[in-house]
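# Structure assessment
Below, each chain spelled out in residue letters.
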Amino acid sequence: MRLPQTEFGFLVNRTAIFLDQAVAIVSAFVFVFFVTLSTCDAQTDNFSPAEIEFFESKIRPLLVEHCLDCHGANAARVRGGLRLTSRKEMLKGGDSGPAIVLGNLDESLLIESIRYDGFEMPPKGKLSPEEIEAFEKWVSMGAPDPRTASSAPIFKAPTIREGKKFWAFQPPQNHQPPVVANTHWPTSDIDRFVLAKLEENGIQPIHDADRQTLIRRIYLTLVGLPPEPEKIDSWVSDPRETSVMIGDLVDELLSHSQFGERWGRHWLDVARFAESSGGGRSLMFPHAWRYRDYVIRSFNEDKPFDQFVTEQIAGDLLSSESEDQRNQQLIATGFLALGPTNYEQQDKELLKMEVIDEQIDTIGKAFLGLTIGCARCHDHKFDPIPTSDYYALAGIFGSTQSLVNNNVSKYVVRNLVDSKLESRINTHRSKVERISGELNQIEEQLKNLGIQVTPKSSAPKSKSYPIDSFSGWVIDNRDANKVGIWQSSTFGSPFIGQDYIHDKNETKGIKSVTFVHLLEEDGVYEVQLSYSANGNRASNVPVTIFHQDGQSTTLVDQTQPTPIDGAFISLGSFRFSGEVEAKVVISNEKTNGHVIVDSIRFLSPQDSAVAIQSKNRQPAVGRMGQGTDANFNITLNQSDVEHSRLEIDSKQLIQRFNRLHSELTSLKKSPPGKLPMTMSVKESRSPSDGHIHIRGSAHHLGPVVPRGFLSVCCQDNFKPNIKSNESGRLQLARWIANSRHPLTARVYVNRVWRHLFGKGLVESTENFGKMGRLPTHPKLLDYLAQKFTQSGWSTKKLIREIILSRVYGLDSNGISTGSEIDPENHLLWKANRRRVDAEVLRDSILLISGQLDDKPGGRTIRKLTQYDLGYQFQTVRRSVYVPAFRNSMLDLFEVFDFANPNLVVGHRNSSTLPTQALFMMNSSFVISASQKLAQQILQSEDSSRKEKIERLYLKVIGRIPDANEMDLAIEFLDSFQTQFAQDQIENGWASFCHALFASLEFRFFD
C-alpha cells in the first residue's frame, strides 16, 4: 500500500516528523485515559484467555488455600465482612473498605495485608515473595476473575465424556473441498474452503496484490529479509504467469539457509528460548545456542514435525545411526531445560515441582494448545483435564532428572559424542596420569635423599601481599559470595589483599563463602587456597571444588602453615571448562575452630614453573656436574664414597624429573580439547509414579497416580505401556506425535497459517480449549492437518501449498462488503496489513545499509559473564543470533514487541506506540545505518539523483516513488545543497535515508 501524498512530509521533513509524533503521543494518552476508565469499571469482565488462565493457575489456588476458609461463601462467619469469592465482592470490600483498588497496589487492602504492612493476612504466616508477586501482578492486570458472585455454586469441571464432544478433542475429519458458486476464482482447495465461507456470508474477495507487493510479502515472510532492487525489477518485468513465478520463488527461498533462520525463530518463541534463567541472579546458559542451531537446522532440512516433536521430548532415548544424529537428538532435549527457573530455591522439593510444572505447561501449550498447568491445584475449570491427569504427566517428568541440586542448583549438562576426540582425550589423560605418577615417585626418592621439590616463589615474605604480585588468577574474599556473617580481620598474617575473613567460630554449618571464576580457556588448573595459619584455626575446613569432572571436597588443616609462596596450599589439579564458571565453596560445617577465608588462586601449567631446592642452606657448588638445575641446592655430610654415589643417583633422578616435568608441562599446554556439551535431561535412576499434590503443594501429598497422558485425548481404557525402569517420556513423545492425535497437527498447522497470514485460523494459538477462540474455518483446519500428516509432516510442503493459494495473494486494500460484514477480516476476504517483527526490522536495516554479517550458527555470547543484566549487545549478525537473555534485551527488541522468553509465544503482540516512531527517529543504530546507506548510494554507479532516489525506494520499501514523491525528494535534497556547504550534501542524503527507514511503509508490509 502506498502512503497518501500528504504523508510524504513525514518521510522528508523533520518538522513534520516531530508534529506527527506529538499527535501520536496525544492520541496515546487519550487512548490510555479511556482504557483506564474502562478498566476501573467494576462491570468490565471481558478478560482475555491468558488473563483468565493466570487467575486459574496462580490466584485461585492461593485464595482456596489461604483465604476462603474465612472469606468464602461457605465460611461459618465471614471475617471483617469481606468475601473474596468474586471480583465484584472484592471491589465492594468489607468493613475496612474495598479489598482491591484497580491500578493502585498501595491502596489495595488485599496487597497491604499480604505484605504485612498493616493487616497481616493470612494470620498463619506470610505468603512467599513469589506468591505476593503473583497477587500484585493480578491486581495490576485489572484483577481478572471469571467468578460472578459469592453465592454462585462451585464450578463443576467437565467430565472426560462431555469433554470429548468439544471440537478440539475430536479427531480431524477428512473434509472434501466444498462446491462454490464462483468456480473461476479458486486456484486451490484452500481457496474453495475460504470462498465457501465468504459466499455464505455474502462477501466477495478483493483483487489480487500487484507483483511488487507480492515479492516483498513473500521475502519478508519466508526469509525475513527484503528483496534486492535487481530482484524486484526482474520479477516485476518477467513475462511469465504470476502463479508460475510465485512457485519458483517459493522453491528458491525455501531452499535458502535464511529460511531456517526466519522460521526457526518462530519456534524459538514457542520454546521460550533464552540463554539465561532469569530472576535476580540469573544463571547463564552457555550451551543454549546449540538448541537454537538445532532448531534452525531442523527447519532448513525440513525435518518431519512428528520427529521434531519426539526429539525435543525424548531425543536422548531414541536410537541413532550416526554420531551426528545422536548429538542432534541429545541437543533437542534442551527444549525441556530452557525454562525460567529459580535455581537458588532452597526448598529442593518445591524447586523440582516448579520445574516439572513449567515443563508440563510448555509441552501443553507448544504441542497441544492446552493450558494443562491450570490442573496442578484442582481439576481444570474449563477443559476436561482432571488433576489426576496432570499428576500422571508429572510422574513422567518427576522420573526425569532435570536438576543437579546444590546450594544453588543447576540444569543437567551432557557430553555430545565424538569418538575420535574422545580417543585423543583418553590417550592424553593416560599420558598425564602416567607422567604425574612417575613424577610423584621421583619426588619421594629425592625427599629420601634430602632433596625437596617446591614451586618457584613469586611473592616476598610479608604480612600483606598485593593480589597482583602472584601469577595465575587470584580471587579475593571481597569478590566472593558470602552466606552468613563473616568477620573481616588483618590480625593474622600473611594474607592477600586488604584483609581476610573468619566465621567467628560461630553458627557452624550455616556459613559459607563461594568463589566463582570463568577461566580464559579449557585445561587443567591447580587450585590453591590462602589463609593465615594459627593454633586456634579449624583443622577440618571443608573446601569443595566444582570442576568439569564433577566436584571434589578436601579437608584443610588451617593450623598448619602455607608452604607455597608463603601464602597458599594446593588443593589439587582439576579440569575446568572455559565456558562454565569454576567454583570453590568453603564451609564452616562441623569445623572445630575458626575458619579463615582469604583468597583462591587458579594456576595454569605455565604458571606453575617448578624450582627444585634443597632443604639445607648451603649449596654444594659445582658438585652436580652437567644438567644440574640452577635452583637445586644440596648439602651433603656423608663420606666421600657415599657422597659420590649419592651425587650420581640424585643427578640421574633430577635429570629425569626435569625431562618428565617438561613433557608434562607441554602436554598440559596442548590438550586435545574437550567433548562439547549441551543442556539436556536424563532418565532418573529410580523412575516411579508420583503423588497428587493437594492444592498444588509440593509437601502436601495425596494418593499415587500411575504415569500416563491426558485421558480426553486417549481412547477409552487406554493405558500407556510404561515399564518400571522408564520415565515414560518416550511413550509420551510418540503419543503426542501420533498422526491420530486430535490436537498436535491442528495446533502446528495453525501456527504456520498464523505466520503466513498474521492471524491463525484459531486466533488463540496456545489455547484450543474452551476458553480459546473457535476456529474461523474448522473444515479448512482439518483439511490442512490431514494433508500435513499424510505428506510426511513436511513444513515446507505445507507452506508452499498455502502460499500458492489465491487467498494468500490477495491485496490488503480494496472495496468489498467485507468492510461492513467482517471488519476484522476473520473470513479472509483480503490480506492483513502487518507490522514487521523486531528481527525483520533490524535485519532489514543491517542488510540495506550493507552491514549484515550472515555468518550462520555457533556460540554468540561475546564474553561469558556471571550474570546477564547489563549485557552490552555489539553484533551485526542476524537477529536470531543476538544473545537472548531474560534480564537484558536489545533495546530495539524491547520497543518492537519481541517475544517474552518466559512464556510460550505463538502469537506476538503487535503494538503501535509513540515510542516506536521515536526510536526510529533517535536511535544511534538507525542514524548510523542511514549514514552508511547514504555513502553507499553516493558511491553507486547510478548517474543521476533520480536514479539514486529510485534505487533507495526500491531498497528500503520495495517500490519506486511516484512523480509527486520524486519531486518532493528532489526538493528536500536541494535544500541541503543550497543551505549548506558542499561537504554537507552527504548529510542530506543521510537524512533522506533516515526518513525512509522511519516511515510506516518500511515498518509494515501488505
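Further up the page is the structure itself.
What comes next is a walk through the structure.

## Digging into the overall build of the protein
If you tally the helices and strands in the protein, you get 33 helices and 25 strands. Across the protein, every contact between residues at least 6 apart in sequence was considered, and the portion connecting residues at least 24 apart equals 72%. As presented, the protein carries roughly 45,100 Å² of accessible surface, and 50% of it is formed by carbon and sulfur atoms.

## Structural notes on helix 21 (residues 729–736)
Counting buried positions along helix 21 gives 7 out of 8 residues, so the element sits mostly inside the fold. Within helix 21, the full set of buried residues consists of Arg729, Leu730, Gln731, Leu732, Ala733, Trp735 and Ile736. The inward-facing, buried residues of helix 21 contact helix 15 (305–314), helix 17 (348–368), helix 18 (387–398), strand 1 (400–401), strand 21 (682–683) and helix 22 (744–757).

## Here's the deal with the pairing of strand 20 (residues 677–680)
Remark: a regular strand shows side chains that alternate across the two faces of the sheet. Because side chains alternate across strand 20, one face comprises the buried residues Met677 and Met679, and the other comprises Thr678 and Ser680, equally buried. Taken together, the 4 bridges between strand 3 (residues 410–415) and strand 20 define a ladder with antiparallel strand orientation. Its bridge partner being in strand 20, Asn415 is matched across the sheet by Met677.

## Digging into the packing of helix 14 (residues 288–300) against helix 16 (residues 323–332)
Two numbers describe how helix 14 lies on helix 16: the axes approach to 9 Å, and their chain directions differ by 115°. Considered as vectors, helix 14 and helix 16 are oriented roughly perpendicular to each other. Of the two elements, helix 14 crosses helix 16, and the hand of that crossing is left-handed. Each of Arg290, Tyr291, Tyr294 and Arg297 in helix 14 lies in contact with helix 16, whose residues at this interface are Asp324, Gln328, Ile331 and Ala332. Grouping the constituent residues of the contact of helix 14 with helix 16 by class yields 4 nonpolar, 1 polar and 3 charged.

## Section: the sheet that holds strand 2 (residues 403–404)
Reading across from one edge, 2-3-20 is the order of the 3 strands in this open sheet, with antiparallel pairing throughout. The strands lining the two open edges of the sheet, one partner per strand, are strand 2 and strand 20. As paired strands, strand 2 and strand 3 are joined by 2 bridges and run antiparallel to one another. Directly across from Leu403, in strand 3, lies its bridge partner Tyr411.

## A word on the packing of aromatic side chains
One pass over the full model with this rule turns up 45 aromatic pairs. Arranged with centres 6.5 Å apart and planes meeting at 25°, the rings of Phe273 and Tyr291 form a pair that is stacked. Residue Phe273 is found in the loop between helix 13 (257–270) and helix 14, and its partner Tyr291 is found in helix 14; the two are separated by 18 residues along the sequence. Taken individually, Phe273 and Tyr291 each receive the classification buried, so the pair is uniform in this respect. Each ring, one from Tyr343 and one from Tyr411, has its centre 6.3 Å from the other, and the planes form 70°; the classification is edge-to-face. Remark: Tyr411 occurs in strand 3 and Tyr343 occurs in the loop between helix 16 and helix 17; sequence separation between them is 68 residues. Across this residue pair, the class does not change: Tyr343 and Tyr411 are buried. Site record: aromatic cluster; members linked through ring pairs are Trp267, Phe273, Tyr291, Tyr294, Phe299, Phe305, Phe308, Phe335, Phe367, Tyr748, Phe788 and Trp793.

## Regarding the environment of Val580
Among the secondary structure elements, Val580 is positioned in the loop between strand 15 (568–576) and strand 16 (582–587). Along the chain, Val580 and His547 lie 33 residues apart, while their C-alpha atoms are 8.9 Å from each other. If sequence neighbours within four positions are ignored, Val580 has contacts with Pro286, His287, Lys410, Leu518 and Met677.

## Some thoughts on the sheet that holds strand 6 (residues 473–476)
Hydrogen bonding along the main chain pairs the strands of a sheet, whether they run parallel or antiparallel. With antiparallel pairing, 4 strands are arranged side by side in an open sheet as 6-18-12-15. Each having just a single partner strand, strand 6 and strand 15 make up the two edges of the open sheet. Pairs of neighbouring strands in the sheet enclose a mean axial angle of 20°, with direction left out of account. Here strand 12 (residues 523–530) pairs with strand 15 via 8 bridges, running antiparallel. In the sheet register, Gln528 faces strand 15, and the bridge partner there is Ser570.

## Digging into unusual backbone geometry
Following Ser493, the chain continues into Pro494 via a peptide bond in cis, with omega recorded as -5°. Residue position: Pro494 is located in the loop between strand 8 (487–489) and strand 9 (495–496). Not every positive phi belongs to a glycine, and Lys504 is a case in point at roughly 60°. Along the polypeptide, Lys504 turns up in the loop between strand 10 (500–502) and strand 11 (512–517). Look at Lys504 and you get partly exposed, because its relative accessible area is 30%. The phi angle at Lys590 is positive, at roughly 60°, despite the residue not being glycine. Position of Lys590 among the secondary structure elements: in the loop between strand 16 and strand 17 (596–597). Classification of Lys590 as exposed rests on a relative accessible area of 71%.

Procedures and definitions
Residues numbered from 1 in each chain as written. Predicted model: local features only at pLDDT ≥ 70, side-chain atom pairs only at ≥ 80, totals over all residues. Heavy atoms only, no water. Helix = DSSP H or I, 4+ residues; strand = E, 2+ residues; numbered from the N terminus. Contact = heavy atoms within 4.5 Å. Areas by Shrake-Rupley, 256 points an atom, 1.4 Å probe, with all protein chains shown as cover. Buried < 20%, exposed > 50% of the residue type's maximum accessible area, 1.4 Å probe, protein only. Pairing = 2+ DSSP bridges. Axes fitted to C-alpha atoms, helices over the stretch in contact; angles between N-to-C directions. Parallel < 35°, antiparallel > 145°, perpendicular 65-115°, else oblique. Left-handed = near helix turned anticlockwise from the far one by under 90°. Nonpolar A, V, L, I, M, F, W, Y, C, P; charged D, E, K, R; others polar. Phe/Tyr/Trp six-rings, centres within 6.5 Å; stacked < 30°, edge-to-face > 60°.

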